[in-house]
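Take a look at the letters that make up each chain.
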Amino acid sequence: MIPFLDLNQINAPHLEAIEQASLRVLRSGWYILGNELKAFENAFAAYCQAQYCVGVANGLDAITLILKSFDFPQGSEIIVPANTYIASVLPVSYLHLTPVLVEPDAYTMLINPSLIEASITPRTKAIITVDLYGRSCEMEEIMDIANRHGLKVITDAAQAHGARYRQKKVGSIAHATAFSFYPTKNLGALGDAGAITTNDKALAERVTYLRNYGSKVRYKNDYQGVNSRLDEIQAAILNVKLPYLDADNQRRKDIAQRYLSNIKMPNLTLPPADRIQDDAWHLFVVRHPQREKLVSYLERQGIQTNIHYPLPIHKQAAYKDLEHLTLPITEQIHSEVISLPLHPMLTDQEVSTMIDALNTFICNDHD
Ligand SMILES: *Cc1c(COP(=O)(O)O)cnc(C)c1O
C-alpha cells in the first residue's frame, strides 16, 4: 500500500532533533511568545526574502488578521478564487466583508487575472490570491491590476512554502502573505501554526498587536485583538525543520518531473509543467473525466489518492448565499481532480509503481 501521506514517515528524519527541541522548551519554563518564536520569525522572514514575519496560531488566522489589520469598511468586496480551500474565503465572511468569487484559468487552476479586472467595482478593496497546489499565481499581472485600482493583495500561501514567481520568493510579493504550518503542509509543525510575512512595517506591527489581544505591553490594549499566538514548542519544531525545506521541495520537484515525463495516459490531464523548478509541488493534481473509476482502480493497485477538493465553496451548505452562482470551470475542476501521492519520502520504486499503474489503466478500463 502506498499511502497518500504518512506523517510518521515525514517526521521520522527529525525525531531526535524534535525531541531535543521540545525538551529545551519544556525545561525553559517559557511557553508562549519567547525566543523560539523570535528565532523562527527571523529565519522564516529571511527564507521568504521578506522584511517581516509574524507567527500566528494557524493559516486561517493569518489570513483573518491580515484582512482585519486593513480595517476595510463592512460590505467591502474582496476578490477571491472560486477554486480554493474554504479557509481562503471564511475570513472574508467572518469580518462582514463580501467575497467575490472569480473563476480560475482552466489550465493552471489558479485565479484568472484577466477575469479579476472585470470583477472590480467601486466597493472592491482587495484581492486574495491562493497559490493552490504549490504554484504561485500570475503575480506580475495581479499586482499591476491592484496598483492601478488601489487594491491590496493578500496571498494565501498555505500550500506554497518556498515557491517562486520569476525571481521572487512567495511571501515577498503580495502586500501580505499568509502561511499555514498544519502538519501536512510542505513545512509542517506537530499541531497548528501559521505566519504572516510582509514588507510593510506598519502592517507587521498591527498584526503583532492583533495576535496578542491587541497588546504589546502587558495589560495595555491598543486594539480589539484576538488570541492567535504560535506556541514556543511548535516554533522550536519549525526551527528544526525549516533548514530541510529546500531539500524536501527539491525532492518533490524531482518526483513531479518524473510523473510529468513518464505518465502517458489517455484522457488524463497533467498539471502545468512550465515552471517545475519554481513551483513548490504541495500536491500533484491530475484530472480525469471518469474520476471515480480511476480512484477505485488505483485503490485496487494499492495506491491511495485524495481529492482537493470534492465540493466547491459555492456548493457548500456553509455558503448557501452563493449557491446561485454558476462557475463552470470551477465546477468541472472539482468533478475531475485527483491528487496523487507526492511527498519527499516517496521512494523511486514507489514513484515507478504509480507511473506503471497509471499507464496500464486503459487495459483495465473495461472490467
Ligand atoms: C491549509 C490551508 C489553509 C488553512 O490553514 P490552517 O493552518 O489549517 O488554518 C488555508 N488555505 C489553504 C489553501 C490551505 O491549504
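Located above this text is the structure these notes cover.
Basis of the calculations
- Residues numbered from 1 in each chain as written.
- Predicted model: local features only at pLDDT ≥ 70, side-chain atom pairs only at ≥ 80, totals over all residues.
- Heavy atoms only, no water.
- Helix = DSSP H or I, 4+ residues; strand = E, 2+ residues; numbered from the N terminus.
- Buried < 20%, exposed > 50% of the residue type's maximum accessible area, 1.4 Å probe, protein only.
- Contact = heavy atoms within 4.5 Å.
- Core = buried A, V, L, I, M, F, W, Y, C linked by side-chain atoms within 4.5 Å.
- Near = heavy atom within 4 Å.
- Polar contact = N/O pair within 3.5 Å; in protein donor to acceptor, adjacent residues only side chain to side chain.
- Nonpolar A, V, L, I, M, F, W, Y, C, P; charged D, E, K, R; others polar.
- Phe/Tyr/Trp six-rings, centres within 6.5 Å; stacked < 30°, edge-to-face > 60°.
- Lys NZ or Arg CZ within 6 Å of the ring centre and 35° of its normal.
- Pairing = 2+ DSSP bridges.

Caption draft 1: Quick look at the overall build of the protein chain. Scanning the protein chain for helices and strands turns up 13 helices and 13 strands. Seen along its three principal axes, the alpha-carbon backbone of the protein chain occupies a region of about 70 × 55 × 40 Å. Per-residue burial over the protein chain gives 56% buried out of 367 residues. The long-range fraction of contacts in the protein chain, counting pairs at least 24 apart against all pairs at least 6 apart in sequence, stands at 70%.

Caption draft 2: How the structure looks around the nonpolar core. Formed by 61 residues in total, the largest nonpolar core has its most connected members in Leu67, Ile78, Ile116, Ile128 and Met139. Per element, the largest residue contribution to this core is six residues, and it comes from helix H4 (residues 59–70). If near-sequence neighbours (up to four positions away) are discounted, Ile128 is found in contact with Ile63, Leu67, Ile78, Ile79, Val80, Pro81, Ser88, Val92, Ile111 and Ile154. Residues Ala256, Leu268, Phe284 and Ala357 belong to the second largest nonpolar core, which totals 27 residues.

Caption draft 3: Fine view of the site of the ligand. Inspection of the region around the ligand gives Asn58, Gly59, Leu60, Ala87, Val130, Asp156, Ala158, Gln159, Ser180, Tyr182 and Lys185 as its neighbouring residues. For the ligand, a nitrogen atom lies 2.7 Å from a polar atom in the side chain of Asp156. Across the shell around the ligand, the residue classes tally to five nonpolar, four polar and two charged.

Caption draft 4: Main features of the side chain of Thr330. Along the chain, Thr330 falls in helix H12 (residues 328–336). Given the relative accessible area of 0%, Thr330 is considered buried. Ignoring any residue separated from it by four or fewer positions in sequence, one finds Thr330 in contact with Ala82, Asn83, Glu103, Pro104, Pro312 and His314.

Caption draft 5: Looking closely at the packing of aromatic side chains. Enumeration over the complete set of coordinates arrives at 11 aromatic pairs. Seen in terms of ring centroids, Tyr209 and Tyr223 are 5.2 Å apart; in terms of plane orientation they differ by 70°. Their pairing is edge-to-face. Separated by 14 residues along the polypeptide, Tyr209 in helix H8 (residues 201–210) and Tyr223 in the loop between strand E11 (220–221) and helix H9 (232–241) bring together distant segments of the chain. Of the residues examined, Tyr209 reaches a relative accessible area of 15% and is grouped as buried. Classification of Tyr223 as partly exposed rests on a relative accessible area of 39%. Above the plane of the ring of Tyr47 lies Lys169, whose end atom (NZ or CZ) is 3.8 Å from the centre.

Caption draft 6: Structural context of the pairing of strand E4 (residues 124–130). Counting buried positions along E4 gives six out of seven residues, so the element sits mostly inside the fold. Of the pairings in the sheet, the one linking strand E2 (residues 77–81) to E4 comprises three bridges and is parallel in character. Paired with Glu77 across the strands is Thr124, a residue of E4. In terms of strand pairing, E4 meets strand E5 (residues 152–156) through five bridges, oriented parallel.

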